[in-house]
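Descriptive structure summary
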Amino acid sequence: MRATAAIFERSLVSLSRYPKLKLAKIELDEPQEYEVLVKISSCGICGTDHEVLNGDLPTGKPCVLGHEGAGIIEAIGSKVSQFKIGDRVLISFPSCGKCRNCLRDQPRYCELAGPLSFGFQRLDGSHAIKLANGDKLYGNFFQQSSWSTHAITLERNLIKVPDSIDLDLMGPLGCSITTGAGAVFNELQPEAGSSIAIFGGGSTGLAAVMAAVVRECETIIVVDPNSNRLKLAKKLGATHVFKSEKEAIAAKIRLLTKNRLDYSLDCTLGGKMVPAAMESLGILGVCGMVGGGSPLHSFKLNHADTLYGKRLIGIVGGGGKTPNAHQQIMQLHEQGKFPLEKLVKFYPFKKINDAIRDSFSGKVVKPILKMN
Ligand SMILES: [Zn+2]
Ligand SMILES: [Zn+2]
């Protein structure tokens, strides 16, 4: 069937320029046995899209990105059992369902998560989309490529969205929001009264702030160079903010927490702030680092900052399971305890280049494209 998608043809030359995507007609395959066709209603713009757009993550071109889709099921494959046509769904991370880690209920650590998310094809090597003239088009990004009016995805990616919730707001639960909140809920699991420092105040970091408030952390510190994000962090419940990404930040946090910071979380993609996040921790502190950046990023740790029972956890997608991790956040959102709407600005699909520009510049924390 025909759909309209945002086609990415050229990487950024420098960060002062933004990539220009073009809307064009594409042709979608029929859903395979375990696949679903979703009429996309909205899709977020996320840090991992940035990494592809600026050339830090490789892709063939032309390609279709977008991995925070939400919409309504229009067709299902012959072996789909948990969903039906008409279901409102958000599309999250792919997993194979068969490997050791999937069978251990750890789908975020699926052994095939890499090729499923970044292979730009199905696992069998076929392509779910092509250009309308029949030319090759790289899709299947996170097995969805949702910067499109329609997307083919796997049943295992899907989470039902209750009628009571604004469907267009839920796409970002597919990646960034669940990544940040899940890192706190599923991996760090801070106790009430504990302290946490969150490095990076984008959508992932701010989702972690909201989760830390739910967990009743007493001290919630946010570090980011952008003043607007810090203001927002305070509104969401951060108790202290620092406009800095410099090394001296660890000394400030140690002073503030009297060397007893319990948890830290690097949300800067690629572990850029892990050295400061580890140095900030007190004895027996735990540092989480969210994934999603270029595999070429690296960091150096001071020996002393890794001693004293400190631990560093590399976290993919916030850990947890599908759909439980997402349902938990949807429930909190319905109860008013997870005000995701404060992070969001909606853009019509045809304004995708404006949305990307505002996302790259940090002007908007979470741009969401509306396809209709
Ligand atoms: Zn697996
Ligand atoms: Zn993402």
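Going by what an unreviewed UniProt entry lists, the protein is known as Enoyl reductase (ER) domain-containing protein and is assigned to Alkanindiges hydrocarboniclasticus. As recorded by UniProt, the Cofactor (unreviewed entry) comment attached to the protein reads in full: "Zn(2+)". The UniProt entry for the protein carries this comment under Sequence similarities (unreviewed entry): "Belongs to the zinc-containing alcohol dehydrogenase family."

Take the sheet that holds strand β2 (residues 22-28) next. Taken in spatial order, the three strands of this open sheet run β1-β2-β6, and their pairing is antiparallel. Taken across any chain shown, the strands that pair with only one partner, and hence form the sheet edges, are β1 (2-7) and β6 (129-131). The mean inter-strand angle of the sheet, taken between neighbouring strand axes irrespective of direction, is 50°. Relative to β6, β2 is paired through three bridges, and the arrangement is antiparallel. Pairing of I26 across the sheet is with L131, part of β6.

Our focus in this paragraph is the layout of surface pockets. What the largest pocket holds in volume is close to 860 Å³. Elements represented by at least two residues in the lining of the largest pocket include exactly α1 (47-53), α5 (176-188), α6 (203-214) and α11 (352-361). Broken down by element, the lining of the largest pocket gets its largest block of residues, four residues, from α1. Grouping the constituent residues of the lining of the largest pocket by class yields 11 nonpolar, 18 polar and seven charged.

This brings us to the domain arrangement of the protein. The domain boundaries assigned to the protein delineate domain 1 (2-174 + 340-370) and domain 2 (177-315). The C-alpha centroid of domain 2 is placed 28 Å from the C-alpha centroid of domain 1. On the domain 2 side, the residues contacting the 16 residues of domain 1 number 20 residues. Where domain 1 abuts domain 2, roughly 1,500 Å² becomes buried across the two surfaces, and 60% of that area is made up of carbon and sulfur atoms. Contact with domain 2 buries area across many residues of domain 1, yet Y109, L343 and V365 alone supply 32% of it, more than any other trio. Where domain 1 touches domain 2, the interface holds four residue pairs in polar contact (both at pLDDT 80 or more). The element that contributes the greatest number of residues to the side of domain 1 that touches domain 2 is α1, accounting for three residues. Along the lines of polarity and charge, the residues of the side of domain 1 that touches domain 2 split into eight nonpolar, four polar and four charged.

Analysis parameters
Residues numbered from 1 in each chain as written. Chains lettered and ligands numbered in written order. Predicted model: local features only at pLDDT ≥ 70, side-chain atom pairs only at ≥ 80, totals over all residues. Heavy atoms only, no water. UniProt positions renumbered as here; feature names shortened; annotations may be inferred. Pairing = 2+ DSSP bridges. Helix = DSSP H or I, 4+ residues; strand = E, 2+ residues; numbered from the N terminus. Axes fitted to C-alpha atoms, helices over the stretch in contact; angles between N-to-C directions. 1 Å grid on protein atoms, 1.4 Å probe; cavity = no way out; pocket = protein on both sides within 12 Å on 5 of 7 lines; lining within 4 Å. Points joined across faces, edges and corners; volume = space filled by probe spheres on them. Nonpolar A, V, L, I, M, F, W, Y, C, P; charged D, E, K, R; others polar. Domains from an automatic or database assignment. Contact = heavy atoms within 4.5 Å. Buried area = accessible area lost by both parts, 1.4 Å probe. Polar contact = N/O pair within 3.5 Å; in protein donor to acceptor, adjacent residues only side chain to side chain.

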